[in-house]
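Spelled out from the first residue to the last, the chains are:
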Amino acid sequence: MYQFNKLLLTLLTIGGVGFINYIVTDQLGTTQLYKDANQIRLGYCLVWSLIDYVIYLICYNGLNLLFRLIGFKSLSQY
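What counts and how
Each chain carries its own residue numbering, running from 1 in the direction its sequence is written. It should be noted that, the model being predicted, local features are given only for residues of pLDDT at least 70 and side-chain atom pairs only at 80 or more, the latter also being counted only at that level, while totals for whole chains, interfaces and linings use all residues. Side-chain numbers come from the whole structure's heavy atoms, not from hydrogens or water. By definition, any uninterrupted DSSP run of H or I lasting at least four residues is a helix, any uninterrupted run of E lasting at least two residues is a strand, and each is numbered from the N terminus. Accessible area is worked out with a 1.4 Å probe on protein chains only. A residue is then buried under 20% of its type maximum, exposed over 50%, and partly exposed in between. Working rule for contacts: check all heavy atoms of both residues, and any pair within 4.5 Å makes them a contact. Surface accessibility follows the Shrake-Rupley procedure with a 1.4 Å probe radius. Residue values consider only the protein chains on display as shielding. Each Phe, Tyr or Trp ring, with Trp reduced to its six-membered ring, pairs with another whose centre is within 6.5 Å; inter-plane angles below 30 degrees give stacked pairs, above 60 give edge-to-face pairs, and intermediate values give tilted ones. Here a helix's expected span is defined as the number of its residues, less one, multiplied by 1.5 Å.

### As for the overall build of the chain
In terms of regular secondary structure, the chain is built from two helices and zero strands. The buried share among the 78 residues of the chain stands at 19%. In the chain, the proportion of contacts linking residues at least 24 apart, taken out of those at least 6 apart, comes to 49%. As presented, the chain carries roughly 6,300 Å² of accessible surface, and 70% of it is formed by carbon and sulfur atoms.

So, in structure tokens, the structure goes:
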């Protein structure tokens, strides 16, 4: 159950960050969407969420490797 909760919380957080990334890029004017483009907006949010999730996995695994090299068991114990 712990792994499911961890995965769910990670995906919810990354999804929210992906939406924030979309809002920032929209405010900067780099995305050109019409007012009725809900499907395209959802696609942009999903792409940003995927990019954020990949960055999260790289950081998490890198920190795990670093902690094991230092002598700690794993990052998940904290």
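So much for the structure itself; the text now carries on.
### Details of the packing of aromatic side chains
Under the counting rule described, the total for this entry stands at two aromatic pairs. Between the aromatic rings of Tyr53 and Tyr56, the centroid separation amounts to 6.1 Å while the plane-to-plane angle is 25°, which identifies the pairing as stacked. Of the two residues, Tyr53 and Tyr56 are both situated in helix 2 (residues 38-70); the distance of three residues between them amounts to about one turn of the helix. For the ring pair Tyr56 and Tyr60, a centre distance of 5.9 Å and an interplane angle of 25° mean the geometry is stacked. Taken together, the residues Tyr56 and Tyr60, both in helix 2 and four residues apart, mark about one turn of the helix. Classification of Tyr60 as buried rests on a relative accessible area of 18%.

### A few points about the environment of Gly43
One can find Gly43 in helix 2. Assessed through its relative accessible area of 28%, Gly43 is described here as partly exposed. Taking C-alpha positions, Gly43 is 10.0 Å from Tyr22, a pair spaced 21 residues apart along the chain.

### Re helix 1 (residues 2-28)
With 27 residues, helix 1 should reach 39 Å at 1.5 Å per residue; the first-to-last C-alpha distance of 39 Å fits that figure. Taken as a whole, helix 1 has its buried residues at Thr10, Ile14, Gly18, Tyr22 and Thr25. At the C-terminal side of helix 1, Gly29 shows a positive phi close to 85°.

### Let's talk about the side chain of Ser49
Examined against the element boundaries, Ser49 turns out to sit in helix 2. Ser49 sits in the buried class, given a relative accessible area of 13%. Contacts of Ser49, omitting those with residues within four sequence positions, involve Ile14, Gly15 and Gly18.

### Some details on the side chain of Asp52
Summarising the element assignment, Asp52 is placed in helix 2. Since its relative accessible area comes to 12%, Asp52 is described here as buried. With near-sequence residues (within four places) excluded, Asp52 lies in contact with Ile14, Val17, Gly18 and Asn21.

By themselves, these observations are geometric and do not establish any function.
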